[in-house]
Amino acid sequence: MKKVIKSISVLVLSLSLVFSGFVFAGNVKADEISEWKASAIKTPTEGNLLGAGYIDVEFDNSLAGYTYEVFLDGNPVYWKDGDILRPELDEDESQGTRKTFKSSDTPKTEVYTTSVAKHEITVKATKDEETITSDPVTFYVSKKGLAMGDDMGNKVSLKKLNCSWYYNWNAYGFHNSVDDGVAHMPMIWGGPEEEIQNQVNELEYDSNYILGFNEPDIEGQANMPFFEAVDMWKQYVSPINKRKVSPAPASPGGTSKWLKSFVNGDTYCWLPDGSWDYYNMYSDDPSIIPIEVEGVSDCDAVCLHSYQNRIGAGGLIQAVKNLWRDYKKPVWVTEIGLFGSKSDSTDMSYENAEKRAEIQAFMEEVVTELDKLPYVERYCWFSYDVESANAIDNFDGSGGTSMFEYCSGLYTDLGKAYSEIANPEGYNASKISSNEMFNWDTRVKFAATYNKSKDTAEISWDKGTLPTMPKMDITLDDEPIEIENGGEIDVSALDEGKHAIKFTLYTEDDTTVMVTKTRGFVIDRKVEPTTEAPTQAPTQAPTVAPVKPTVKPTVKPAVVKPGKTTIKGKNVKKKSAKLSWSAVSGAKKYKFNWAMNKKFTKKSKTKIVTKTSYKVKKLKKKKTYYFRVAAINDAGTGPWSNTKKIKIKK
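Calculation criteria
- Residues numbered from 1 in each chain as written.
- Predicted model: local features only at pLDDT ≥ 70, side-chain atom pairs only at ≥ 80, totals over all residues.
- Heavy atoms only, no water.
- Helix = DSSP H or I, 4+ residues; strand = E, 2+ residues; numbered from the N terminus.
- Rg over C-alpha atoms; globule rule 2.2 N^0.38 Å.
- Buried < 20%, exposed > 50% of the residue type's maximum accessible area, 1.4 Å probe, protein only.
- Contact = heavy atoms within 4.5 Å.
- Areas by Shrake-Rupley, 256 points an atom, 1.4 Å probe, with all protein chains shown as cover.
- Phe/Tyr/Trp six-rings, centres within 6.5 Å; stacked < 30°, edge-to-face > 60°.
- Salt bridge = Lys/Arg side-chain N within 4 Å of Asp/Glu carboxyl O.

Examining the overall build of the chain
At step 1: The number of helices and strands found in the chain is 7 helices and 38 strands.
At step 2: For the chain, whose C-alpha radius of gyration is 33 Å, the value lies well above the compact-globule estimate of 26 Å for 650 residues.
At step 3: Over its C-alpha atoms, taken along the principal directions, the chain stretches across nearly 165 × 70 × 55 Å.
At step 4: Counting every position in the chain, which comprises 650 residues, the buried fraction comes to 48%.
At step 5: In the chain, once contacts between residues fewer than 6 apart in sequence are set aside, the share between residues at least 24 apart is 65%.
At step 6: Looking at the chain as shown, the accessible area adds up to about 33700 Å², and 51% of this sits on carbon and sulfur atoms.

A short note on the packing of aromatic side chains
Where two aromatic rings form a pair, the distance of their centres and the angle of their planes describe that pair.
At step 1: With the rule as written, the count across this model stands at 40 aromatic pairs.
At step 2: Between Trp233 and Phe262 the ring centres are 5.4 Å apart and the planes differ by 80 degrees, which places this aromatic pair in the edge-to-face class. Placement of the pair is Trp233 in helix 3 (residues 226-237) and Phe262 in helix 4 (residues 257-264), with a sequence separation of 29 residues. For the pair shown, Trp233 and Phe262 are each scored as buried.
At step 3: Seen from their ring centres, Phe592 and Trp594 are 5.5 Å apart, and the 35 degrees between their planes marks the pair as tilted.
At step 4: Residue Phe592 is classed as buried on the basis of its relative accessible area, which comes to 0%.

Notes on the pattern of salt bridges
At step 1: Per the counting criterion, the structure on display carries 21 salt bridges.
At step 2: Between Lys160 and Glu436 there is a salt bridge, and its shortest N-O distance comes to 3.3 Å. Taken as a pair, Lys160 in the loop between strand 13 (144-147) and strand 14 (165-167) and Glu436 in the loop between helix 7 (413-420) and strand 24 (445-451) lie far apart in primary sequence, 276 residues in all.
At step 3: In this structure Lys160 comes out as partly exposed when scored by relative accessible area, which is 22%.
At step 4: The salt bridge involving Lys260 is made with Asp326; its shortest N-O contact spans 3.1 Å. Taken as a pair, Lys260 in helix 4 and Asp326 in helix 5 (residues 314-327) lie far apart in primary sequence, 66 residues in all.
At step 5: According to the relative accessible area criterion, Asp326 is partly exposed, its value standing at 28%.

Set out below in structure tokens:
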């Protein structure tokens, strides 16, 4: 009997333990599922403002035995041939299939939308008959961005403009207060193969897109024949695991021959003089050999730059439609700008309040129309400085397009309007306060004026909205000078004509260029002829004829600017670079210049030396520097040498 009771007791205890184990396991499972639902979506994060187009999604697939699927706004995502089907671009989802993931798969995927609105991501995990849906993550989508280079200031905050993205023509972002919280789109700018290799090496991988070559159809920018660009793209850009935006031609109408040849392929030929041309112009000449080039097939979007010297949105919108018609690929408009000159009817200077109002109306119309077009993924404005000062061109009547003052970062009325427009409904947009607004009357001012009576140049400046005047370098025709505010420079040794005073302001650490301003003046020593009649007319001709000189006066040969030199150099120990160049006949000294980009605008420094060599120290390891030199004499500065690029490896 005791044995039976003992057996029953053991059985009851065992059942209790088993039952308790199921309850314990159930509690763990319930907690685990609850925790998973709350944190299943890793990216995007709650409340984020993201650029339109393809959006990266990362999620948790750690619940063993489940199958996972990502939903956008409660709808499944359909795929065909390895890419998303996009109903807003009239792609038929019924032709695709839904992508699912197992716990052993990499939990990353994409969704797609160009709708400027609030959106939700959810993940569903399914096992047998059970489906668990994650808590939704809400994010916002905008197309609005900004094109902003290193020389456009370091005080402005892009987040205040409510930009979802920006680019700076570089493979790497600013990583400072300028772009804090705003996604950077890297660019492979283009150029010779060595420079493209360097750009790829510097590429940052924290974005899902990459921008292609910058204005390769013109000499002043990347300057790449289409067939060379195709070769460089396939060799260096195609292997990069990012969505790719095509090169951006300078041609503004959306019908660029260069882009058509790049994307669709074309046939070219070499001519007897060593130049190239499209073969269809020479097909009747049997001596000309055609060279066929297959186009680039991996552009996810095509790109447009649009600059106008007349205000009107129609041309830009039509160019966008042309691109969609010809390629059936989404469109990025990565530079939208207006430009003008004070000397003619195109003047769009900042001080012209009426013109500023027209520019704002143009911007608002363009943004509204681009937001409506479902095949437009991104656009961004190009902001001239309030005084049209930039390193790109000489259009002095473009200041009305400014969204902020370069040196102070204060926002203009146009910048505030850009900040307030095109934000998705419900997004907690940043606000620009009154004390962050630019005032033309308190801007940083620079002046250089020629005084004919003294044959001097009078130079002055005013710190304007800056709390203190930062470190500043001043050059006269690119030669360093030292002068106090309001002082004068003797220019009697200079030729008549145009001359330039350049002011370079530095940041608080005295090493990084904050902004440059150039002021020109004209030397004119001509004496105005008198218009008054003589008080008494001469009564007779001179009685003595002038004597003709018997000796010809000696004429000194005119001094001409020195010629071009050639520079060479290498990286030496202790993070230094040693450069040398050939001597130039007639040169008295040399202007030696180096920077961290080939435009010589990023952390640019200049030294005036008398020798034909110079050693630059304290450079940054693993960074690439560009060097050039120009000879100087009494007639001025000669042309720049070739550019020498050196990567600091030791």
